[in-house]
Amino acid sequence: FTCYPVPVCDQLNIVFNKQLTGSVDLQLINSTGATLYSIQLYNRISHSINTERLPNGLYLVRIYGTNIEMSKQIIK
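Residues numbered from 1 in each chain as written. Predicted model: local features only at pLDDT ≥ 70, side-chain atom pairs only at ≥ 80, totals over all residues. Heavy atoms only, no water.

Colleague: Talk me through the sheet that holds strand S5 (residues 46–50); I want residue IDs and the actual numbers.
Modeller: Across the sheet, 3 strands lie side by side as S1-S2-S5; this open sheet has antiparallel pairing. Two strands lie at the open edges of the sheet, namely strand S1 (2–4) and S5, each paired on one side alone. When the angles between neighbouring strand axes are averaged without regard to direction, this sheet yields 20°. Note: S1 against strand S2 (residues 11–15), 3 bridges, orientation antiparallel. The residue bridging Cys3 from the neighbouring strand is Ile14, located in S2. (Pairing = 2+ DSSP bridges. Helix = DSSP H or I, 4+ residues; strand = E, 2+ residues; numbered from the N terminus. Axes fitted to C-alpha atoms, helices over the stretch in contact; angles between N-to-C directions.)

Colleague: I'd love a proper account of the sheet that holds strand S3 (residues 23–30), names of residues and values included.
Modeller: The strand order across the open sheet built from 4 strands is S4-S3-S6-S7, with neighbouring strands paired in antiparallel fashion. Of all the strands in the sheet, just strand S4 (35–42) and strand S7 (69–75) have a single pairing partner and so form its edges. Shown here is a sheet whose adjacent strand axes are inclined to one another by a mean of 15°, direction ignored. Sheet topology note: the S3/strand S6 (residues 58–65) ladder contains 7 bridges and is antiparallel. Note on S6: the bridge partner recorded for Asn30 is Tyr59.

Printed below as a string of structure tokens:
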């Protein structure tokens, strides 16, 4: 998956390399390990998260499901 823009400003856009089949869980985690955002997605190709209220720093985007587990670091 791809995350943009880098660095993130007011909105984080997440685009999957192919259409998700079934459901996956998506989390946005801060540098202390706290989950700030969590959603279950079904049959999606993209998703956006409003990040305007998040402080600047390092975050982890985690996607996991039956046949997938991936994560990427992002900077705001």
